[in-house]
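Working through the structure, step by step
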Amino acid sequence: MRSPRFALAIPAWAWLVLFFVVPVGYVIWFSFGYKPGIFGTHANDVLSFDRYVEALSPTFFQTFLNTLWVGLAGTALCLLIAFPVVYWMAVKVSPSKRGLLIALVMIPFWTNFLVRTIGWQVILAPEGWLSTGLNTIGVLDGPLEILYTRTAVLIGVVYNYLPLMILPLFVAFDRVGAPLREASKDLGAGPIATLARVTIPLARPGIIAGVLLVFIPLMGDYITATVLGGAKGNMVGQLVASQFQTAQNWALGSAMAVLLMLVIALSVAIGAVILWILSLPFRSAHRLVLGPES
Amino acid sequence: MTTQVTLAAGKSSTPTEPSGTVVLDGVTRRFGETKAVDNLSLRVEAGEFLSLLGPSGCGKTTTLRMLAGFEHPDGGDIRISGTSVLGVPPYKRDVNTVFQAYALFPHMSVAENVAYGLRQKRVPRAEVRVRVAEALELVQMRSFADRKSTQLSGGQQQRIALARALVNKPSVLLLDEPLGALDRQLREEMQLELKLLQSQLGITFVFVTHDQGEALSMSDRIAVMREGRIEQLADADTIYARPDSAYVAAFIGQQNFVVGTLTSSGDAVDTTIGALKAARIDSGLISGDAAQAAIRPEFVRITPAAEPKPTGTQGADGTLIGLAHLGESMQYLVQLDAGQSILSRRPTADAPSVSVGDAVRVSWKPEHVQVFPADGAEVAAGFVRPPKTTHSHN
């Protein structure tokens, strides 16, 4: 009786094994090998941790830190920008107009990722129109020197990943629904208290989904950093890509990729623990256990 | 307990509008072109159980939401305990609401739901515990305190919603069709409990419902609403026995309507089944006006055609075409020889021995006939208002 139901899951399992488990297994396997001469990409006849030692050299380590910084700051900025927008969309805007707003959020997403990012190169260039405009109105004296810095990467990242934050957040906020917010206000809670005690706790799964959807791909992104970051805005994604494509050193590239995965997993775990600890006093303040009747 | 009492005493209630009094003064609320509430004035006395009764779209829920503070009037004034609440947000009003869908917080336990309002007022923890336990005992849900609110049945959730509102000891409790989602037996049980609670606590209840049985069984007074206005405001007996209009007459219970014209003597209606004498005639009617006579099914007797006509009655002959058992009463549909049909309802214990197809006679006493102007939907719909879903309050 179980087999028909199991059969429904076969495509998903097959997809997961073929396109996730097997490739990741290869990457891990390659990471313990080495680059055999100029024309080889990888060899595994001798296994060692040498590629990891190599990957953690000061230069690479600096890039890792830079990546983590962009990942955390980018995710935080996306959350900070998306939050009021989504609150407004889900709470204040009449339901009939929400579909249009969601469409407006999605439309830039239809444009090619690379083209969108190159667009920012044009805007942020020292001789670009933003620079000229800011000089004309007197906000800036001299050319705008943002392009090819970490700031430019951050701007590009926020622009590229914001829809991935807005969508899950909107679904979560929308599902909380007006009746619960009204009940909260009816019971004496102002807008802030209602947000803190009803809307955010109930929207938490969506907030977590949004943060993960932005943080994880962002940590591995190399297009944004390549186009806008230049030499100062290096990210691990670029290093991994260059090891595979330019240096043809699959072993080192794999070790970097594995390290990146570990950093992401560790960051998410640490973030979860920090949030849990921070929420402890809040939870105990609102917990009420009456116990059995006395 | 003490904090609330001082709070109430500190309110600027006036001698003419003591704490718990609700006054709507010429209140209008528009949604686009339509007036959901139209120049409505109403005074709810402190400690009164008042029902706003009407079909969907009559403005009763909008009125309640304006009292709660979720909607704001476009005109007029609303005073609670003598103070105008115009521009006062919901969280600063001394009213609480029991919502139609309960709106319990799914991420909190039963006790935490009930404690929510007290926590917002920064009531000390020890007092919160005591008051939450008391409120849960009041609705007989003390043993469910530490359950998740999502693990409860509809009736249980309803009680928690009630406890969550009452624990704040508001001067006015607003109830938005709180029994609508319950099955009939539970609903009737809760009606009794609600009424009992209200008289125990002495809190003003404003109860919104479209169920006339609910309104009749609990209310001190009923405001029957129609298109944003109050059609009649009176106690249950008056609303039932002496409705001001055909609309109220038809909305409360059931009615047989017979159309005709007011006779020259002014005390009867000329119809196809003869001149129907009436006890109450709308004062706006003059001889020759189109009018409709209304007779409640429970006042229509039904006897086999062979039996002598009951004394002191008027009536008509016809054929029994339908018969339904409603539990404590029987309902009969009679096709009159003149073509129309008449609904009759008799107590089961006193049911006449007739069966479908029999020739029967329907009869009633003139004192049970009321006459209204012949306008409105009842006439357009035909001779008899089609039977609605009945509610066995009588």
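Notes on the structure in this doc start here. Owing to the predicted nature of the structure, the values given are computational and were not obtained by experimental measurement. (Residues numbered from 1 in each chain as written. Chains lettered and ligands numbered in written order. Predicted model: local features only at pLDDT ≥ 70, side-chain atom pairs only at ≥ 80, totals over all residues.)

Looking now at the overall build of chain A. What chain A contains, in helices and strands, is 12 helices and zero strands. If you list the helices and strands of chain A from N to C, you get α-α-α-α-α-α-α-α-α-α-α-α. Overall size of chain A, expressed as C-alpha extent along the three principal axes, is 75 × 70 × 40 Å. Evaluated residue by residue, chain A yields a buried proportion of 33% over its 294 residues. When contacts within chain A are restricted to residue pairs at least 6 apart in sequence, those whose partners lie at least 24 apart make up 68%. (Helix = DSSP H or I, 4+ residues; strand = E, 2+ residues; numbered from the N terminus. Buried ≥ 20, exposed ≤ 12 C-beta atoms within 10 Å, placed from the backbone. Contact = placed C-beta atoms within 7 Å.)

It is worth spelling out helix 3 (residues 58-92) of chain A at this point. All names here are of chain A. Counted at 1.5 Å a residue, the expected span for helix 3 with its 35 residues is 51 Å, and the 50 Å between its end C-alpha atoms agrees. The largest bend along helix 3 measures about 30 degrees and falls at Ala82, with the proline Pro84 one to four residues further on. Looking only at helix 3, the buried set comprises Phe64, Thr67, Val70, Gly71, Gly74, Thr75, Cys78, Ala82, Val86, Met89 and Ala90. (Expected span 1.5 Å × (residues − 1). Bend = angle between axes of the 7 residues up to and from the residue.)

Turning to the pairing of strand 13 (residues 274-277) of chain B, a few remarks are in order. The side chains of a regular strand alternate between both faces of the sheet. All names here are of chain B. The pairing of strand 12 (residues 268-271) with strand 13 spans four bridges and is antiparallel. Its bridge partner lying in strand 13, Ala268 is registered against Lys277. Between the end of strand 12 and the start of strand 13, which pair antiparallel, lie two residues. (Pairing = 2+ DSSP bridges.)

It is worth spelling out unusual backbone geometry at this point. Residues and elements named next belong to chain B. In this model, Tyr102 sits at a positive phi of 70 degrees, which is unusual for a non-glycine residue. With respect to the helices, strands and loops of the structure, Tyr102 is situated in the loop between strand 6 (95-98) and helix 3 (110-120). At Ala103, a residue that is not glycine, the phi angle is positive and equals roughly 50 degrees. Along the polypeptide, Ala103 turns up in the loop between strand 6 and helix 3.

Grouped together as the largest cluster of nonpolar side chains are 169 residues, with contacts concentrated most on Met256(A), Val114(B), Val132(B), Ala163(B), Val206(B) and Ala293(B). With 17 residues, helix 7 (residues 150-176) of chain A is the single largest residue contributor to this core. Each of two domains, domain 1 (2-94 + 170-241) and domain 2 (254-381) of chain B, supplies a minimum of three residues to this core. (Core = buried A, V, L, I, M, F, W, Y, C linked by C-beta atoms within 7 Å. Domains from an automatic or database assignment.)

A few words now on the interface of chain B and chain A. How big an interface is tends to be stated in terms of accessible area lost as the parts join. On the side of chain A, 19 residues touch chain B, which itself brings 29 residues to the contact. Taken together, the elements giving at least two residues each to the side of chain B that touches chain A come down to strand 6, helix 3 and helix 4 (125-138) of chain B. Take the side of chain B that touches chain A: its biggest share by element is seven residues, from helix 3 of chain B. A breakdown of the residues in the side of chain B that touches chain A according to their chemical character gives 15 nonpolar, seven polar and seven charged. (Nonpolar A, V, L, I, M, F, W, Y, C, P; charged D, E, K, R; others polar.)

Attention now goes to the sheet that holds strand 14 (residues 280-281) of chain B. Residue and element names in this part refer to chain B. Overall, mixed pairing links the six strands, which are arranged 13-12-11-15-21-14 in an open sheet. Of all strands in the sheet, those with a lone pairing partner are strand 13 and strand 14, marking the two edges. Bridge count between strand 15 (residues 290-295) and strand 21 (residues 369-373): five bridges; the pairing is antiparallel. Bridging from a neighbouring strand, Ala293 pairs with Val371 of strand 21.

Now for the packing of helix 3 of chain A against helix 7 of chain A. In helix packing, the relevant descriptors are the interaxial angle and the interaxial distance, both defined with respect to the helix axes. Residue and element names in this part refer to chain A. Where helix 3 meets helix 7, the closest approach of the two axes is 6 Å, and the angle between their N-to-C directions is 40 degrees. Viewed along their axes, helix 3 and helix 7 adopt a mutual orientation that is oblique. Crossing hand, helix 3 versus helix 7: right-handed. When grouped by side-chain class, the residues that make up the contact of helix 3 with helix 7 number 24 nonpolar, two polar and two charged. (Axes fitted to C-alpha atoms, helices over the stretch in contact; angles between N-to-C directions. Parallel < 35°, antiparallel > 145°, perpendicular 65-115°, else oblique. Left-handed = near helix turned anticlockwise from the far one by under 90°.)

The next point concerns the sheet that holds strand 6 of chain B. All names here are of chain B. Within the open sheet, the six strands sit side by side as 6-7-8-3-9-10. Their pairing is mixed. Two strands in the sheet have a free side with no partner beyond their single neighbour: strand 6 and strand 10 (229-234). For this sheet the average axis-to-axis angle between neighbouring strands, irrespective of direction, equals 20 degrees. Where strand 7 (residues 172-176) lies against strand 8 (residues 204-209), five bridges are found, and the strand directions are parallel. Residue pairing for strand 8: Leu174 is matched across the bridge by Val206. Packing of helix 5 (residues 154-166) onto the sheet brings it into contact with strand 6 and strand 7, and relative to strand 6 it is tilted by some 175 degrees.

Let us now look at the pairing of strand 4 (residues 75-80) of chain B. Residue and element names in this part refer to chain B. When strand 1 (residues 22-31) meets strand 4, the two strands line up antiparallel, connected through five bridges. Bridging from a neighbouring strand, Val22 pairs with Ile80 of strand 4. Inspection of the sheet shows strand 4 paired to strand 5 (residues 83-84) by two bridges, in the antiparallel sense. Residue pairing across strands places Ile80 opposite Thr83, the latter belonging to strand 5. Hairpin geometry of strand 4 and strand 5 is characterised by an intervening segment of two residues between the two adjacent antiparallel strands and by a positive phi of about 55 degrees at Ser81.

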